[in-house]
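# Working through the structure, step by step
Here are the chains, one letter per residue:
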Amino acid sequence: MQTLFFSAVLHLFGFLVGLSSSLDPRDPNVCSLWESYTTSVKESYSHPYDHVTEEPCSDPRTSYRCTRHRITYKTAYRQAVKTQYRRRYHCCPGYYESGDRCVGKWPWKNSVFFY
């Protein structure tokens, strides 16, 4: 239960971090990359179970009981680590983040100077 709570907190934190990054992906100075991250998930699976019963043996002349094994499957749960991917936006090389924009480190580079 504690692991499930921790996973939910991590998802909320990741969501909030995503909201705080408000760079416009259409801006030509904004670059992006895919990053992977892991989450803990609870998954179900079929677990084999040996169902043992005693039945009369097939020979009707004997009073022996025979053991019969039958494999059945029960649903079980386990914690697993899942890798997920998200796009992260950042300023391209030569630019830095200022508010919600990427600004050139050298503002004079594209300026016209009159002498």
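Residues numbered from 1 in each chain as written. Predicted model: local features only at pLDDT ≥ 70, side-chain atom pairs only at ≥ 80, totals over all residues. Heavy atoms only, no water.

### Description of the overall build of the protein
A tally of helices and strands in the protein yields one helix and four strands. Each helix and strand of the protein, ordered N terminal to C terminal, gives the series α-β-β-β-β. In the protein, which comprises 115 residues, the share counted as buried stands at 11%. At a minimum sequence separation of 6, the contacts of the protein that also span at least 24 residues come to 67%. Total accessible area computed for the protein in this model is approximately 10100 Å², and 56% of it derives from carbon and sulfur atoms. (Helix = DSSP H or I, 4+ residues; strand = E, 2+ residues; numbered from the N terminus. Buried < 20%, exposed > 50% of the residue type's maximum accessible area, 1.4 Å probe, protein only. Contact = heavy atoms within 4.5 Å. Areas by Shrake-Rupley, 256 points an atom, 1.4 Å probe, with all protein chains shown as cover.)

### Here we look at the environment of Thr 75
Structurally, Thr 75 can be placed in strand E2 (residues 65–91). The sequence separation of Thr 75 and Pro 48 amounts to 27 residues, and the corresponding C-alpha distance is 8.9 Å. Ignoring any residue separated from it by four or fewer positions in sequence, one finds Thr 75 in contact with Ser 44 and Tyr 45.

### A look at the pairing of strand E4 (residues 101–104)
Two elements, strand E3 (residues 95–98) and E4, share four bridges in a ladder whose sense is antiparallel. Directly across from Glu 97, in E4, lies its bridge partner Cys 102. Turn length for the E3-E4 hairpin, with the two strands adjacent in sequence and antiparallel, is two residues, and the turn residue Gly 99 shows positive phi of about 70°. (Pairing = 2+ DSSP bridges.)

### Section: the state of the cysteines
Counted according to the given criterion, the structure contains three disulfides. With a sulfur-sulfur separation of 1.8 Å, Cys 57 is cross-linked through a disulfide to Cys 66. Taking the torsion about the sulfur-sulfur bond, which here is approximately 105°, the covalent link between Cys 57 and Cys 66 counts as right-handed. The disulfide partner of Cys 91 is Cys 102, and the S-S distance across this bridge is 2.1 Å. (Disulfide = S-S within 2.5 Å.)

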